[in-house]
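As a plain string of letters, each chain reads:
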Amino acid sequence: MKDGVNYDDRNMPNVEIINIRPATSKDDSKNKKYDFVAEYIYENSKFEYPISIPDDIKNQNFSIDTIQNVYRKIVFSKDTKNGITGIYLAKTDGTEALSMFTSNLTAVQQKTVLKIFKTGRLKIQ
């Protein structure tokens, strides 16, 4: 990267991610515990960059797939009393999308909602 250059979507540097690994205690700093370390190459130079996942993301489970040209992401909280249970559906061409979510479910309610989300299909005409 060059000094004095502002990078944006029109002039991004060519950085290649070559590996992402779990962080170890050696990667942590005094004030920060990291979750992963990404290894990059830029203009023949190799470097690492630590990655921290926010706690609110760590407390969620994610399921992502594609069914009948519809992208589906289901999110559900590890603790049903804190967090959300939801679904996002979108046509793979990006023309239509639907999102639904709820919160503060019991474990039984969350299980029922997840069954509905996993078995339902988006009917697009």
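The coordinates are above.
Predicted model, so just to flag it, every value in this text is computed and none were measured.

A closer look at the pattern of salt bridges
So, step 1. According to the stated counting rule, one finds nine salt bridges in the structure shown.
So, step 2. One salt bridge connects Lys46 with Glu39, and the closest N-O pair in it is separated by 3.5 Å.
So, step 3. Residue Lys46 is classed as exposed on the basis of its relative accessible area, which comes to 57%.
So, step 4. The class of Glu39 is buried, set by a relative accessible area of 10%.
So, step 5. Residues Lys91 and Asp93 are paired through a salt bridge, measuring 3.9 Å at the closest nitrogen-oxygen approach.
So, step 6. Take Lys91: its relative accessible area is 23%, and that puts it in the partly exposed class.

Comments concerning the environment of Gln110
So, step 1. Residue placement: Gln110 occurs in helix H2 (residues 107-119).
So, step 2. Put simply, Gln110 and Ile17 are 93 residues apart on the chain and 37 Å apart in space, counted from C-alpha to C-alpha.
So, step 3. Each residue touching Gln110, except ones within four places of it in the same chain, is listed here: Phe76, Ser77, Thr80, Thr85 and Leu105.

Structural notes on unusual backbone geometry
So, step 1. In this structure, Asn44 is a non-glycine residue whose phi angle is positive, near 65°.
So, step 2. Along the chain, Asn44 turns up in the loop between strand E2 (36-42) and strand E3 (45-51).
So, step 3. A positive phi angle is found at Gln68, which is not glycine, with a value near 50°.
So, step 4. Checked against the element boundaries, Gln68 lands in the loop between strand E4 (60-67) and strand E5 (70-77).
So, step 5. Residue classification places Gln68 among the exposed positions, given a relative accessible area of 63%.

Here is what the cut-offs are and how they apply
- Position numbers for residues start from 1 in each chain and track the written sequence from start to end.
- At least 70 in pLDDT is required for a residue's local features to be given in this predicted model, at least 80 for side-chain atom pairs to be given and counted, and no such filter applies to totals for whole chains, interfaces and linings, which use all residues.
- Side-chain metrics in this entry use all non-hydrogen atoms of the structure; hydrogen atoms and water are not considered.
- In what follows, salt bridge is the name for a side-chain nitrogen of Lys or Arg lying within 4 Å of a carboxyl oxygen of Asp or Glu.
- With a 1.4 Å probe rolled over the protein chains alone, any residue whose accessible area is under 20% of its type maximum counts as buried; one over 50% counts as exposed, and the rest are partly exposed.
- Numbering goes from the N terminus for both helices and strands, where a helix is a DSSP run of H or I of at least four residues and a strand is a run of E of at least two.
- Only heavy atoms enter the contact rule, under which two residues are in contact if any of them lie within 4.5 Å.

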